[in-house]
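Given next are the chains, with one letter for each unit.
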Amino acid sequence: MKPSEADLSEWIRLDQARKSYRMGGQQVHALAGVSVSFSRGDFWAIMGPSGSGKSTLMNVLGCLDRLTSGKYLLDGRDVSRLSDDVRSEIRLRRIGFIFQSFHLIPQLTVQRNIELPLHYLGWDEEKSSVRARELAERVGLSERLHHRPAELSGGQMQRVAIARALANDPQIIVADEPTGNLDTTTGAQILELLAQLHRQGKTILMVTHEPDIAKHAEKRLYMVDGKIDWDRSMAP
Amino acid sequence: MKRTRIVRNVSLGVENLLLHKLRSFLTMLGVVFGVGSVVAMLSVGEGASQEALEQIRKLGSNNILISSIKPTEENANSTNPSFMSIYGLTYADQNRIDTGFRDIRRSVPVKAMRKDSRLGGRSLELRVVGTTSAWFDVVPRQVVAGRVLLPRDQTHRSPVAVLTEFGARKLLATEGTIGQSFRIGGDTFEIVGIVRSESGQAGSIQVPDQEVDVYIPIEVAQSYFGDVFTKRSSGTFIRERVELHQIIVEVDRTEAVEAVASGIGTMLKRFHKKADYIISIPLALLQEAEATKRRFNIVLGSIAGISLLVGGIGIMNIMLASVTERTREIGIRRAIGAKKMQILVQFLIETVVLSTVGGLIGLGIGVLIPFLITYFSGMPTVITLSGILLPISISLTIGLIFGIYPATRAAGVDPIVALRHE
Ligand SMILES: Nc1ncnc2c1ncn2[C@@H]1O[C@H](COP(=O)(O)OP(=O)(O)OP(=O)(O)O)[C@@H](O)[C@H]1O
Ligand SMILES: [Mg+2]
């Protein structure tokens, strides 16, 4: 089902989404009934105290994690019912992940890290290499293509991660505390990159603890104990 | 398109293994030695069995050799100087063999003796064999010069002699010697030919011409020298009467060899009160050699199997450690969109590359060892195509079998847990 003009607001929708873990006989509800929808092209900041379920929410929205109950509709398709392979395919074609601790593969060069999604997309070496250069230039790292992650600064590593997340030209960028390990100045630079992507029409879902960072997003979701605190959220 | 994808995956696997050169090398050592020993052992085994086959071929696989032996109890009585021991095969025996059995192509009588001989100024003892022209059909040897014995030599009772290479060497006879006369015992013979001779042994059976210097027609041998021989042994003379020292029987068909041999055995038993003959069958040696080779292959197979098993387990062990070490990498790849199957293939390829490269190095060592063995000990070794292809396919299979488990573990990694993994 293709999104029509009318249900654009329904592009990404969670309906009574629950994610529970059983920890030594005790149920932990990482998500305790979340109902929310995100529109195409939105830039959301997701906030809330530690352990409130932000990362869990990101993993679910990124099709990496499955719900215990409830529905996750992407383009009207119930993702939580799909097989592991189909969810991998969705991640590969539509989603770009950015993590707090960068998550680059240490033994691969910057170029190879950026090319990784293209490898799984089946691109040939030449095309991938051109694309990787282009992306590295976009994040300002053309000089570092043949370095390994360990030789880069935190900010540079996160830029490689962003370049990698962009390689498959995703519709949705899921960023879990992308500036969490960076100083304020570097964090601001990364945020500027994300804002730029937002201006290009990408949907950005970003977890952050810092109000300064969050204020750059147009919408804000505040989570407490696995639920959305609508009073503190801001969805103009 | 599909092939380039496989090539790319393999080259990525190789790249990753090259990051840890020492570890990768140590990991494949088990397979290196496993395959190396398989290749080396196969070639030694093959060499031994081909050597045995060659010896048996020299003896003739369709032949039955019946030899006279002195019965053991005779020796005790030989203190009497006028005593003469009579034993062995007779002309009548050969006649009965020739007429009594189907499936026999020809039989060759052999009368062996030692005679003082003289050619020009050279005088020495020769090992003389009286036989028929059929000898040269049953024991085919290349003619170096002149000719072999012919049926007309027998009918004319011609005093002709054919030298073997051994005899020619002793007498210093060459091509130019053909046509010359020389003396055997007190009689004059004409040298008509020189034939190549072979030596060697398979099991307890000697090549028939191993101890022959000269052939003469058997009729001539009998009428000139008789059937009684005097041997000197530790100061006393021993007189023996032996009509034939050996009868070589050539059977038509290989399948009939055993039946004919046992028939001859039964027949001889009827006419000989003493066990003064022995029947040997080269074909039985062939079967024995094959049985030995089978046993050898089983032992070899078990040793090789165990060492390859150990090698495979070694690889699996390291790959399992590698999966744990690279959990986070697996999580990252999965988050990016890699399917379980792609992770499985990635790790499987690494294992197969390890075991196959190990197999190739092992092959190199396994080819070198037989070469050195042959060079230093002279033992024959043979490397066959299957001796090369078998270990390679085994090492590939080892990689697949022992790679499956670690690769499945890698594919089964939960990406959420993996990404938290530090
Ligand atoms: N694999 C798991 N097993 C058990 N409990 C889990 C698991 N993953 C998350 N949780 C629990 O779910 C809750 C939400 O975790 P989550 O990581 O989503 O929090 P968060 O909002 O991202 O926190 P932070 O700001 O510290 O990153 C926590 O109570 C956590 O202990
Ligand atoms: Mg978190």
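Rules and cut-offs
- Residues numbered from 1 in each chain as written.
- Chains lettered and ligands numbered in written order.
- Predicted model: local features only at pLDDT ≥ 70, side-chain atom pairs only at ≥ 80, totals over all residues.
- Heavy atoms only, no water.
- Phe/Tyr/Trp six-rings, centres within 6.5 Å; stacked < 30°, edge-to-face > 60°.
- Helix = DSSP H or I, 4+ residues; strand = E, 2+ residues; numbered from the N terminus.
- Buried < 20%, exposed > 50% of the residue type's maximum accessible area, 1.4 Å probe, protein only.
- Lys NZ or Arg CZ within 6 Å of the ring centre and 35° of its normal.
- Core = buried A, V, L, I, M, F, W, Y, C linked by side-chain atoms within 4.5 Å.
- Contact = heavy atoms within 4.5 Å.
- Domains from an automatic or database assignment.
- Near = heavy atom within 4 Å.
- Polar contact = N/O pair within 3.5 Å; in protein donor to acceptor, adjacent residues only side chain to side chain.
- Areas by Shrake-Rupley, 256 points an atom, 1.4 Å probe, with all protein chains shown as cover.
- Buried area = accessible area lost by both parts, 1.4 Å probe.
- Salt bridge = Lys/Arg side-chain N within 4 Å of Asp/Glu carboxyl O.
- Nonpolar A, V, L, I, M, F, W, Y, C, P; charged D, E, K, R; others polar.
- Pairing = 2+ DSSP bridges.
- Axes fitted to C-alpha atoms, helices over the stretch in contact; angles between N-to-C directions.
- Patch = residues over 30% accessible without salt bridge, like charges linked within 9 Å, V, L, I, M, F, W, Y side chains within 5 Å.
- Parallel < 35°, antiparallel > 145°, perpendicular 65-115°, else oblique.
- Left-handed = near helix turned anticlockwise from the far one by under 90°.
- pLDDT = per-residue confidence, 0-100.

### Digging into the packing of aromatic side chains
This model, assessed by the stated rule, comprises 8 aromatic pairs over all chains. Geometrically, the ring pair formed by B:F136 and B:Y215 is edge-to-face, given 5.1 Å between the ring centres and 80° between the ring planes. With a gap of 79 residues between them, B:F136 in helix α4 (residues 135-138) and B:Y215 in strand β11 (residues 214-217) connect regions that are remote in the sequence. Considering the side-chain rings of B:Y375 and B:F376, the 5.0 Å spacing of their centres and the 85° angle between planes classify their relative orientation as edge-to-face. For the pair formed by B:Y375 and B:F376, the shared burial category is exposed. An aromatic cluster of at least three residues, connected via ring pairs, comprises B:W135, B:F136 and B:Y215. Taking the ring centre of A:W11 as reference, the NZ or CZ of A:R40 above it sits at 4.4 Å.

### Considering the nonpolar core
If you look at the biggest cluster of nonpolar residues, it comprises 72 residues, and the most contacted ones within it are A:L14, A:V34, A:L57, A:L61 and A:Y72. Looking at which element gives the most residues to this core, the answer is helix α11 (residues 340-377) of chain B, with 8 residues. Apart from the residues lying within four places of it in its own chain, the contact partners of A:L14 are A:V34, A:S35, A:V36, A:L57, A:V60, A:L61, A:K71 and A:Y72. By size, the runner-up hydrophobic cluster in this structure holds 38 residues, among which are A:F102, A:A167, A:A175 and A:I204.

### Side note on the domain arrangement of chain B
Partitioning chain B into domains gives domain 1 (2-56 + 288-420) and domain 2 (70-275). The gap between the C-alpha centroids of domain 1 of chain B and domain 2 of chain B is 58 Å.

### Observations regarding the site of ligand 1
The environment of ligand 1 is made up of 15 residues, and the closest members are A:S50, A:K54, A:S55, A:T56 and B:R420. Proximal residues around ligand 1 fall on chains A and B, making this an inter-chain site. Contacts to ligand 1 include A:G53, whose backbone N or O atom sits 3.0 Å from an oxygen atom. Between ligand 1 and A:T56, the relevant distance is 2.6 Å, taken from an oxygen atom to a side-chain nitrogen or oxygen of the residue. The protein chains hide 72% of the 630 Å² of surface that ligand 1 would expose on its own. Mapped by element, the contributors of at least two residues to the shell around ligand 1 are β1 (12-23), β2 (26-38) and α1 (54-61) of chain A. Of all the elements, α1(A) adds the most residues to the shell around ligand 1, at 3 residues.

### A short note on the interface of chain B and chain A
Counting residues at the interface gives 27 residues for chain B, matched by 26 residues for chain A. Buried area between chain B and chain A, both sides added, is near 2,500 Å², and the carbon and sulfur share of it is 53%. Looking at the side of chain B facing chain A, the largest losses of area belong to B:R8, B:I336 and B:I416, adding up to 25% of the total buried there. Applying the counting criterion to the chain B and chain A interface returns 4 salt bridges. A salt bridge links B:K339 to A:E89; the shortest N-O distance between them is 2.4 Å. Inspection of the region where chain B meets chain A yields 11 residue pairs in polar contact (both at pLDDT 80 or more). Mapped by element, the contributors of at least two residues to the side of chain B that touches chain A are α1 (2-19), α10 (327-336), α11 and α13 (415-420) of chain B. Of the residues contributing to the side of chain B that touches chain A, the split by class is 11 nonpolar, 5 polar and 11 charged.

### Here's the deal with the sheet that holds strand β8 (residues 203-207) of chain A
Residue and element names in this part refer to chain A. Judged by pairing direction, the sheet is mixed, and its 6 strands sit side by side in the order β6-β7-β8-β3-β9-β10 without closing on themselves. Each having just a single partner strand, β6 (95-98) and β10 (227-228) make up the two edges of the open sheet. Of the pairings in the sheet, the one linking β6 to strand β7 (residues 172-176) comprises 4 bridges and is parallel in character. Within the sheet, the bridge partner assigned to I95 lies in β7 and is I172. Contacts from helix α6 (residues 184-199) reach β3 (43-47), β6, β7 and β8 within the one sheet, and its direction differs from that of β8 by about 150°.

### Focus: a nonpolar patch on the surface
Residues and elements named next belong to chain B. A cluster of nonpolar side chains, namely L22, F25, L26, F33, V357, I361, I365 and I369, defines an oily patch on the protein surface of about 690 Å² accessible area. Of all the secondary-structure elements, those providing two or more residues to the nonpolar patch are α2 (21-59) and α11. Checked against the element boundaries, F33 lands in helix α2. According to the relative accessible area criterion, F33 is exposed, its value standing at 53%.

### Re the packing of helix α3 (residues 110-121) of chain A against helix α5 (residues 154-166) of chain A
Packed helices, taken two at a time, are described by the angle between their axes plus the distance between the axes. Residues and elements named next belong to chain A. Remark: α3 packs on α5, axes separated minimally by 7 Å, with the N-to-C direction vectors making an angle of 30°. Judged by the inter-axis angle, α3 sits roughly parallel to α5. When the axes of α3 and α5 are compared, the crossing they make is right-handed. Together, V110, N113, I114 and P117 of α3 and V160, A163 and R164 of α5 make up the contact between the two elements. Grouping the amino acids of the contact of α3 with α5 by side-chain chemistry returns 5 nonpolar, 1 polar and 1 charged.

### Topic: the environment of B:I373
Residue and element names in this part refer to chain B. Looking at the element boundaries, I373 is found in helix α11. The sequence separation of I373 and S307 amounts to 66 residues, and the corresponding C-alpha distance is 21 Å. Sequence-distant contacts of I373, defined by excluding residues within four places in its chain, comprise V44, G378, M379 and T381.

### Points about the confidence of the model for chain A
When pLDDT is averaged across chain A, the result is 91; 95% of the residues are at 70 or more. Throughout residues 1-9 of chain A the model reports pLDDT below 50, and contacts reaching past four residues in sequence, or to other chains, amount to 11 contacts.

### Focus: the sheet that holds strand β4 (residues 69-74) of chain A
Residue and element names in this part refer to chain A. If you trace the 4 strands from one edge of the open sheet to the other, you get β2-β1-β4-β5, paired in antiparallel fashion. Where the open sheet ends on each side, the last strands, each with one partner, are β2 and β5 (77-78). Relative to β4, β1 runs antiparallel, the two being bridged by 5 bridges. Paired with L14 across the bridge in β4 is Y72.

### Brief notes about the pairing of strand β7 (residues 181-184) of chain B
Residue and element names in this part refer to chain B. Residue alternation in β7 divides its side chains into a buried set, F182 and I184, and an unburied set, S181 and R183. Both strand β3 (residues 104-119) and β7 contribute to a ladder of 2 bridges, which runs antiparallel. Bridged to R118 within β7 is R183. Relative to strand β8 (residues 187-195), β7 runs antiparallel, the two sharing 4 bridges. Bridge pairing in β8 links F182 to F189.

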